[in-house]
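# Topology and contacts: notes
The primary structure of each chain is shown beneath.
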Amino acid sequence: MLRATLKSLLARKLRLILSGLAVVLGVMFVSGAFVVTDTLSRSFDAVFASAYSTTDVRVAAKPKVEISEFDGEQVAAPLPANTVEQIKTVSGVRSAAGLVEADGARVIGSDGKVLTSVGPPRMGVAWTGEDDLVRLREGRGPSAADEIAVNVTVAEGAGLKVGDRVGVLTLAPRKDFTLVGVYGYSGDRDSLGGVQEVAFTEPVAQKLMLGRTGVYSSVRVDAADDVTPEVLRDRVGAALGADYVVKTGDQLAEETAAAFEEGLGFFGQILLGFAGVALFVGVFLILNTFSIIVAQRTRELALMRALGASRRQVITSVLVEAVAIGLVAAVLGLAAGVGVGAGLAYLFGNFAGGLELAPIGVPAAAVISAFVVGVLVTVVAAVLPALRASRIAPVAAMQDVATPDRPLTKISVAGGVVTSLGAAALGLGLFGDAGNELWLILGGVLVSFVGVALLTPLISRPVVALLGRLFSWSLPGRLGRLNSGRNPRRTAITAAALMVGIALVTGVTVIMDSAKSSLKAEAARVLKAQIMISGDQNGPRPPTYDPAVVDRAKQIPGVRAAAGLWNDQVLINGGKEWVNATDDLAALAQTYGATATGGALTTLRDDQIAVSVPTATERGWQVGTTVTVQASRGQAHSYTVAATYAEDALPGKIMLPAAATKDFGIPQPVLGFVRLDDGVPVSAVLPQVKALVADSPEVSATDAAAFVDQQAATFDTLITMIQVLLALAILIAVLGVVNTLALSVLERTRELGLLRAVGLGRAQTMRMVTVEAVVISVFGALLGVTVGAGLGTAVTRALKSDGITELVLPWGRMGTYLVLAALVGVIAAVLPAIRAARLNVLGAIAHD
């Protein structure tokens, strides 16, 4: 029995290839995710191990506010200079040196634009000379207050050369320096993991990067020859006390790399999620393939039963074929995954500013997952066809091969039950408060897809018949329509595979378009400023501008009010909060167009704050309540609640005075609002505001409509990203259409021969197969946009309390998906149609 199964498998190589291709693509995605995360993880390990290779012990002060990698930049608390002298007195210390290293030094390139970075920080440091790590490539280190040196990555990225005057943005507005040197790192590296670095003299670095002179961000401590870093760490920690963080170089390398790897893990989980969708779609393809195969092998399997094969042996025969396909697909998918992982790692390395990649490796997780996923998916998909094959009676060996049209009652009832369960889980996840909402939503969507797939045979015949009438104006069209509806189960499974990908894309599009429309509606309701000062944020640090711009904007004729907005994460009564601050609360209220509900919204004194009504109610605050605020820098301050305002009256929940911004992590405004007098055209004032921000190249001045469009464009970017990632699932669904048609052509060989014999031409045969493919594809896309629109609507309604108040159905995009589905059907039909047209008429009629 085993030999017969293997011979049957090898005799049908095309079937083997078509069946396994979906699994290959899914396994490729899974193993590729493991390969890319493993490669990048080892690359960052190497980068940080090298960066801290010359460090025995590093001392830093505990930050005032702990900020995670996903929330923004961690602001280092400054160490006074006398800390260095105190450390030198500890036994076992050979030397101690204060360091100035902080993120936020943005270089203005030769083109007048800020050199951007997506991920790696833009460090400002104090020049300490060459050492085992740092090597000058050109010029010298800075020695005067108006001199800087930069690493090679900055020099090349900004188009700079020694002798150029260079603008740099820091905690202070733009300052110009002379570039006197360019340096690299040991191993002929241009950067450490893509980090951009600007080196100042020590006093300048302290002032611009830490806010004042005479302080350091950390202290590097070298151990004496007879003292280990671990021993020295413990001694220094005991001497300094609990307000300091003391770690060895190895600890710092491991912890810094781990922080980056947390982000990589999130990236890997996203890839695995989309791989799961692709494999879920692949299950439909394989299930359909094996169902067709079992139908085609009815006589062969019945003959085996007649010769003594048991039902168990028949099931084993089909499952062995599934295991063989799974193993082959796993090997090919793993090989393809290694290539995809290497390619993604290369792109990520370049995207991150030239990260030096570790050698590409194949982690055990990639190999194990490839084989487990490959074999498991094929075997699970083949179980039902295997059980169906075992029920074939021996008497079928004496009958013509036929695929009986079984009743749809059981599968329809099962589909209704499963769909109801999925909808219930989705409803609990969206509207309930069970604490595991995400898993309920994901599980609900998955179960709903299965339920809809089970219901699809019930609706396929009438819907396919209706769609097919569009092509019934010719004989090939009528035949194609009849063929697409002759086996509702087969048509349904093929269409369901396409449905999943299109439903997810449609659902996401509904949610994103609704969010975008809600954002625009809310902006039109509350935003009264006609001109906005803002920039595109490409990393953890938002773009900023010189605070003096707002004061100058107020002097422009025709300007009614202008205000700047700062923000930061702070501790309020010990709890972490995002807060805003403004230089003119009354002006901000005019540009936002709201009034206070408790206390007038005028200028806040240095010891006053304003709070939104919902926040005040939630915390039991009222006008006169005193709260303690600890910002990223400086000491904690007490503030009195001076006013409350409606939730949409001002941006944010808590508003601090301008005096508080000196202690913010970013002590410069991130947004600017300019409202004009009635009747003053924007075109008369906008050029003047643009001129004011010329020395702040991170931001620009735009009219309010362009600003809102800029914010809303983020949703379009997300839609595009999701469409690209789901393209693999849709590709697998297209392969399903190709597979179904190809196997159907083999199954209907004699029928096609008879049609050709009675006068159906080759071109007509090809049109018949093409119509069948187009009808199935459009049916799947129609299911997808319907289910996706329903899911998107449900999620949008559930998010109404979170600000998504508008429901937008993207009719244009949904129509495009239907048109593309028809095109996909035409493409999918090419090979099966050519094969059908080339059949030898006499050989086809004689086909058994």
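Just above sits the structure.
What this report covers is the structure whose coordinates are included nearby. Here the structure is a predicted model, which means the values were calculated and not measured.

## As for the overall build of the protein chain
- When helices and strands are tallied, the protein chain shows 24 helices and 24 strands.
- Counting only C-alpha atoms, the protein chain reaches 100 × 75 × 50 Å along its principal axes.
- Counting the 848 residues in the protein chain, one finds 51% classified as buried.
- Taking the intrachain contacts of the protein chain between residues at least 6 apart in sequence as the baseline, contacts between residues at least 24 apart amount to 82%.
- When the accessible surface of the protein chain is split by element, carbon and sulfur atoms take 61% of a total near 36,600 Å².
- Side-chain charges of the protein chain comprise 70 positive and 70 negative groups, with the mean position of each set lying 16 Å from the other.

## Some thoughts on the pairing of strand 6 (residues 122-126)
- Counting buried residues in strand 6 gives five out of five residues, a clear majority hidden from the surface.
- When strand 4 (residues 101-103) meets strand 6, the two strands line up antiparallel, connected through three bridges. Of the residues in strand 6, the one forming a bridge with Ala-102 is Gly-124.
- By the bridge criterion, five bridges tie strand 6 to strand 11 (residues 196-200) in an arrangement that is parallel. Following the sheet pairing, Gly-124 is matched in strand 11 by Val-198.

## Observations regarding the side chain of Ser-218
- Checked against the element boundaries, Ser-218 lands in strand 13 (residues 218-223).
- At a separation of 3.4 Å, a polar atom in the side chain of Ser-218 contacts the side chain of Arg-58.
- Aside from chain neighbours lying at most four places away, what touches Ser-218 is Arg-58, Val-59, Ala-60, Leu-79, Ala-97, Gly-98, Leu-99 and Glu-101.

## Considerations on the pairing of strand 17 (residues 575-582)
- Inspection of the sheet shows strand 16 (residues 559-572) paired to strand 17 by eight bridges, in the antiparallel sense. Residue Trp-566 lies in a different strand from strand 17, and its bridge partner there is Ala-581.
- Where strand 16 folds back on strand 17, the antiparallel hairpin that results is connected by two residues, among which Asn-573 adopts a positive phi of roughly 50 degrees.
- Bridge count between strand 17 and strand 22 (residues 654-657): three bridges; the pairing is parallel. Residue Thr-582 lies in a different strand from strand 22, and its bridge partner there is Pro-657.

## Describing the nonpolar core
- Counting 105 residues, the largest nonpolar core has Tyr-183, Phe-284, Phe-449, Met-499 and Val-500 as the members making the most contacts within it.
- In terms of residue count, helix 7 (residues 249-296) provides more of this core than any other element does, 17 residues in total.
- With 46 residues, the next largest nonpolar core counts Ile-87, Ala-155, Val-166 and Phe-200 among its residues.

## Brief notes about the sheet that holds strand 13
- Strand order in this open sheet of four strands is 3-13-1-14, and the pairing throughout is antiparallel. Because the sheet does not close on itself, it has two edges, and the strands there are strand 3 (93-99) and strand 14 (244-248). Ignoring strand direction, the axes of neighbouring strands in this sheet form an average angle of 20 degrees.
- By the bridge criterion, five bridges tie strand 1 (residues 57-61) to strand 14 in an arrangement that is antiparallel. Paired with Val-57 across the strands is Thr-248, a residue of strand 14.
- Most of the contacts of helix 6 (residues 229-240) go to strand 14, to which it runs at about 175 degrees, and overall it touches strand 1, strand 3, strand 13 and strand 14.

## Some remarks on the pattern of salt bridges
- Across all of its chains, the model carries 23 salt bridges by this definition.
- When the shortest N-O distance is used, the salt bridge between Asp-716 and Arg-813 registers 3.9 Å. A residue pair is termed long-range when its members are at least 10 positions apart, and Asp-716 in helix 19 (residues 704-747) and Arg-813 in helix 22 (residues 811-828) qualify at 97 residues.
- Assessed through its relative accessible area of 30%, Arg-813 is described here as partly exposed.
- A single salt-bridge network, built from bridges that share partners, covers Asp-513, Lys-516, Asp-716 and Arg-813.

How each quantity is defined
Residues numbered from 1 in each chain as written. Predicted model: local features only at pLDDT ≥ 70, side-chain atom pairs only at ≥ 80, totals over all residues. Heavy atoms only, no water. Helix = DSSP H or I, 4+ residues; strand = E, 2+ residues; numbered from the N terminus. Buried < 20%, exposed > 50% of the residue type's maximum accessible area, 1.4 Å probe, protein only. Contact = heavy atoms within 4.5 Å. Areas by Shrake-Rupley, 256 points an atom, 1.4 Å probe, with all protein chains shown as cover. Lys, Arg positive; Asp, Glu negative; His and termini not counted. Charge placed at Lys NZ, Arg CZ, Asp CG, Glu CD. Pairing = 2+ DSSP bridges. Polar contact = N/O pair within 3.5 Å; in protein donor to acceptor, adjacent residues only side chain to side chain. Core = buried A, V, L, I, M, F, W, Y, C linked by side-chain atoms within 4.5 Å. Axes fitted to C-alpha atoms, helices over the stretch in contact; angles between N-to-C directions. Salt bridge = Lys/Arg side-chain N within 4 Å of Asp/Glu carboxyl O.

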